[in-house]
Each structure stands twice: as C-alpha cells, then as structure tokens.
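What the coordinates show
The chain contents come next:
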Amino acid sequence: MWIGVAALGTWAVAVLALSRGEQISALWIVIAGFCALSISYRFYSKWLATKVLVLNEERATPAVLRNDNKDYVPTNRWMVFGHHFAAIAGPGPLVGPVLAAQFGFLPGTLWILIGATLGGGVHDMIVLFASIRRGGKTLGQMVKEEIGRGVGLLALVSVLAIMIILLAVLALVVVQALAQSPWGVFTIAVTIPIALIMGIALRTGKVSVLAVTIFGLLGLAFGVWGGQFLGHFPVIEAWFHQDQKWLAWAIMIYGLTASILPVWMLLTPRDYLSTFLKLGTVAMLAVAVVLINPTLQMPAITKFIDGSGPVFAGPVFPFVFITIACGAVSGFHSLIASGTTPKMIRRESRIRSIGYGAMVTEMMVALMAMIAACVLEPGEYFAINTKGTPTEVVAKISAVGFPVTEQEMQTLATNLGESTMFNRAGGAPTFAVGMAHMFARVSAKPTALALWYHFAIMFEALFILTTIDAGTRVGRFLLQDVLGQVWRPLGNTRSWTANFVASVLLVAAWGWFLYQGVIDPLGGINSLWPLFGLANQLLSVIALCLGTTLLIKMHKAKYIFVTLVPLGFMCAVTFSAGYLKVFSSDPRLGFLSGARSLLEQSSTVPDAVKAAELVRQAGVWRFDALVAGFFLVLVAAIVLGSARQWWQLIRGRKRMVLHENEFVPITPAQLAQF
C-alpha cells in the first residue's frame, strides 16, 4: 500500500514538474500533498520519535509537574493540537504562497512539499521536545543554557526583537483585512465570549469536551452566518463598522487580555474553536478541487524568476524560500513550540502528532493557497497585486505577456461586491478571490461569488488573529526572560504583577509599530513585510542551531543530519536574501539603493508635500536596512558560536553537560486521569 502511495505521489510531482504548455489540473497538487503528508508522518516522524528523540510515555511533562491553572495546564490532546495549529498557522501559509505564485506554481509547490516534510516538521518537533524536557523553557532560555551564556543573551535579544516585528506585521494584516468590514469584525468578536464560556465550562469538569465542542461549533456557525444580516440592523452594524485606528486599539487590548488571563480561559478554547473553521475550510477547498477539477492557469515557471516580477522584487532563489515561510519552514513555530504548547501537553508521545502533525497539516493549507492563486487568470492575478492607477496597471501587465483589461477587472470587482480590485496587493485578497471562484462554481446563486469572497476575507483575518494572541503570550515569556536578567522578580511567570507589567510593555512595543503602519500605510506594510519574511527565517536558523546542539549532547551525533541539512540550507537562503535586501543595487529590491532613489526623486519633484513624503519614505527604508543588518549580525554570531561548540563537543574538548530536568515518572493515578 505504501509503495503505491509513494508511486502516486511521485507521479503527481512528475506531472507538475515535467508538463510544459498543456493544461494541468490542480488536483495533482492535492494528490502530491496528501501523499507527502501520509508518507512523511507515517515513517519519518515515527523514526524521529522512536530512534532520534526516543519519546518516553512514562516521563511526566511540565504540564503535570507544574500545574498552576494559569500557564501550566494539562489539556485535552485535541484542544492542544487545535491551539498549536491555530497559533502556528498565521498569514504565512495563506499569503506567502499567493505572493510566490508570480514565479509559477512549480517552485513554491516543490518548496512547500520538501520544506515542510524534511525541514519544518523536524524544526517544530525537536523544539517542542526540547522545551518539554526542560520544564517548558523558551527558545532563548534553552539557547543560553545549552549553547552558552554569551550566545544565549544574543539569542534572547534577537528573538525578542524579531518577535515584536512579527506581531506588528500580523496585527497590521488583520487590521487591513477587517477595516470597514462589519461581517468580519462581528464573526471574530462572537468567538471571544463563546471561547470564555467553553473554557469555564470545561474547567468545572461537569461538561464533556464533546458537548463544549458542539456548543462552540454552533456559536461559530452563527457568527459566520449571521454577519451577513447586519445590514438589516443599522444600529448594531455601526458597532462593528470601524476604521483601522479603532481596530488597532481593539487588537492591542485583545492581545493584552489574552496574554494575562489563564491559558484555559480564553486562549486555548478560542484557538481550538478557530481550528475547526480553519481545517473545515481547507477540507472544503480540497473537496472543491476534487469536484470541479479546476485547471491551473498560471504557468509552471514564469519569466519573473529572474527577479523582475511586478508583485515583489527578487529572484526565485532565494526569495521563494523567504516568501513562503509558514507552510514550509517557519521560525515563528519555534516560539509557539517553546512557549504555550509545551506547558499543556500531558504525554510525551503527543509531541509527534502535535509537533510534526500540525506542521504537515499546515503544508496542506499552503498548497490550497497556491491553488487559489494559480486557478485565477494570470492577468487578473498580477493586476490585483500590482500598484498604480488602473490604466498604468493594465498597460504594465499586458506588456509583460499577461493581457487584462480595465473592463475585466471592473466586472470582477462588481461580482465580488467590491468597488475595485486594483491596488489590493498583499496576497490576502488574491487568496480570497481564488477561494471564492472555486466555491461559487458549486452554487448557482448569482450572489455566491460575493458571499464567498467576504467569507474568505473573514476566514483569513480569523486565521491570523489566533497567531497574535498566542504570539503575545509567548512574547511575554521572552520579555520576562530578558527582564529577569535585570531584576529577578520581573522574570517570575507565576506573579500576576510581573505578568501584567511584561504584557503591557510587549503590547506597547508591537502596538507602536502597528499604529505607525495604520496611520501611514505606505511606510507600514511595504516596509515591515520584507522584514517579516527575513526575521521569520532567521528564527528558524536559531532553532535549528539549538536542535543540532541537543542531538550532539544526547550522544545522537550520528543523527545530526536531520537538523544540520535544513540548517545549512536555511543559512544559505536567509543570509543571501538578507544581503540582497540591504545591499542590492536594484532600487526595487535593496533598502539602501531604494532610499537613494527616493531621495533623488524628491529633489526633482516640484510639490513640497510630495517631496517631503519621499524623503520620509527614504528614511523608513534606511531604518529597515539597519534593522535587517542588526538581525543578520546577531544570528550570524549565534551560528558561529554554535558551530564552535559543536566542534568542541565532538572533539571531546568540552564536557557534555545536558541541562535536562530530572526524570519524574507519571503516577498510576495520573495515568488513569489521562
């Protein structure tokens, strides 16, 4: 049977890779994804669990040993999976593949399949394992203990700085998706009281998980379905029809609340609930692909692999690996795997299903996003994601070989219930259009396309928001690690006062970047998004350095290829992409050359206001170059420090001290409870 699955998957990839010029069904991408998921989980993850990490069922986890009903809480395995998947599956698996589709469907699809199974799954699983064996410690703490104090301090600073940028970008994407969208805001707002009721009901011990799940699903269905009727109630609709500034403050307050409240009260049930919508929608997309068998309109490889693409600048190597992070290899996952998730897992055996299983599930989400982008007419895809006036965009896209007209774009906007689909760059609207096109073909209603489009926008916002709440909580843990170095009481995660102070400081930090992006969109998402991709992958480099060190200390040096190969590849693509983003002579790509180009333009513009705006934007690009360079130097120092220790450990010049919590067996009573 497994030989047959492998043969089918190989055939699917061969069809995608070798076909040129003929029509290709999107079903081949789904088949390749399911075969890769099945084989990698059945064999590779099991080998990692039994031979490399040697998971021990009798070993008590931090959730059991340190149960404090706040951060450390033994939780139902499916709720932990739901929380973990919801937390790691942010904008990356939705937006990244859509943007990378400008290279064609083949480069992104291959990276998602290979990266998730051989890199991302290993990355997530080994960090989760390490944190559980070390009492739920964060990535920065573990790097400090296992690799060295100096390297650890660099890691703490770099991880925290990167985390602030990541959260700001995530929040900005949500704000832009929900602004002036009462339906989307209503649905997301409804999930908060539903989650509180679910959490309290489960905590009483008198309500089963099944009953709570049914209640939550009914409430979620009401939120998704009922939002479309807000127009009949203008007073209520006005509550949810808000601008970007209001939404920015609302998200800051929500992030602060989710960070402070006990994990069982809001964070876990809401993420668990969100997972049903996420997995349900992705499953519906897979079924839609099977039923309607859409054709991939985008070529396998486009002319834009040289870096001349209109969506974003940069050649296919290394930028396809930076653009597609979540869904393949993502450093943000290491923060969740060493933050909230290890404090909730009851049994070590679940590291495999939660760490590796959630990663390959997210791989399928990324593949669905790739399909959603590539089933659109290429002209429409590029017109949606290209900036400029409608006339300029149509002329530019038609000139590069993908004809489109203003009338076609206006018809598309009308069918979607929008005023225009020009200047909708960022990936999220494109995914929503592709998803709506596939779902609408199953229904004969004339309004189906508009309904499904707005449902997809809401779905994306909910997808990303669940990353913000878990990310803020993890960021609070990281900040307390740093503050604890200055004044020990602030590092006490059991103190409500310390938690509140750290949460306020963290939310204020990413909230400042968020608000700047809201009041100045030109200097917000355009400058922060490139940093997001670069910073995210630099985090994965740090996590894989830690994983390699742990394998050597565990006397598993013969297995270090499982982390060393992904680490070497991520170093190559991340540092080369970082160098290009800072020093490239192409003003569309390099921060410094882009800043010089803007300053030159400002000197020739007669309008003083417009010239001042160009000067301000040049300052933003220079700041981006400084931040990117800062990240690159810090992570390079961490990699060199790690490599030095590996050499000393393998050569026997340094005693192998494995900082691991003592073995504490699970009692028979605890086993019966679980």
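Placed above this text is the structure.
Notes on the structure in this doc start here. Just so it is clear, the structure is predicted and the values come from calculations on it, not from any experiment. (Residues numbered from 1 in each chain as written. Predicted model: local features only at pLDDT ≥ 70, side-chain atom pairs only at ≥ 80, totals over all residues. Heavy atoms only, no water.)

1. As for the packing of helix α1 (residues 2-18) against helix α2 (residues 27-52)
A pair of packed helices is captured by two measures, namely the crossing angle of their axes and the spacing between those axes. At a closest axis distance of 8 Å, the pairing of α1 and α2 adopts a crossing angle of 140°. When the axes of α1 and α2 are compared, the pair comes out oblique. As α1 packs across α2, the resulting crossing turns out to be left-handed. Between α1 and α2, the residues in contact are Trp2, Val5, Ala6, Leu8, Gly9, Trp11, Ala12, Val13, Val15 and Leu16 and Trp28, Ile29, Ile31, Ala32, Cys35, Ser38, Ile39, Arg42 and Phe43, respectively. Here the contact of α1 with α2 is built from residues that sort into 16 nonpolar, two polar and one charged. (Axes fitted to C-alpha atoms, helices over the stretch in contact; angles between N-to-C directions. Helix = DSSP H or I, 4+ residues; strand = E, 2+ residues; numbered from the N terminus. Parallel < 35°, antiparallel > 145°, perpendicular 65-115°, else oblique. Left-handed = near helix turned anticlockwise from the far one by under 90°. Contact = heavy atoms within 4.5 Å. Nonpolar A, V, L, I, M, F, W, Y, C, P; charged D, E, K, R; others polar.)

2. Quick word on the pattern of salt bridges
Where charged atoms of side chains with opposite charge meet at close range, the side chains can pair. This model, assessed by the stated rule, comprises eight salt bridges. Here Glu57 and Arg347 are joined by a salt bridge, their closest N and O atoms 2.6 Å apart. Separated by 290 residues along the polypeptide, Glu57 in the loop between α2 and α3 (62-65) and Arg347 in the loop between α15 (332-337) and α16 (350-374) bring together distant segments of the chain. The shortest N-O distance in the salt bridge between Lys553 and Glu146 comes to 3.3 Å. (Salt bridge = Lys/Arg side-chain N within 4 Å of Asp/Glu carboxyl O.)

3. What to know about the packing of aromatic side chains
Taken as a whole and assessed by the stated rule, the structure comprises 22 aromatic pairs. Between Phe81 and Phe85, the ring centres sit 6.3 Å apart and the planes meet at 0°, which makes this aromatic pair stacked. Of the two residues, Phe81 and Phe85 both sit in helix α4 (residues 77-88), four residues apart, roughly one turn of that helix. Under the relative-accessibility criterion, Phe81 is labelled buried at 14%. Feature note: the residues Tyr44, Trp47, Tyr356, Tyr559 and Phe561 constitute an aromatic cluster, connected by ring pairs. Over the face of the ring belonging to Tyr41 we find Arg352, whose NZ or CZ atom lies 4.4 Å from the ring centre. (Phe/Tyr/Trp six-rings, centres within 6.5 Å; stacked < 30°, edge-to-face > 60°. Buried < 20%, exposed > 50% of the residue type's maximum accessible area, 1.4 Å probe, protein only. Lys NZ or Arg CZ within 6 Å of the ring centre and 35° of its normal.)

By themselves, these are just geometric observations and shouldn't be taken as functional.
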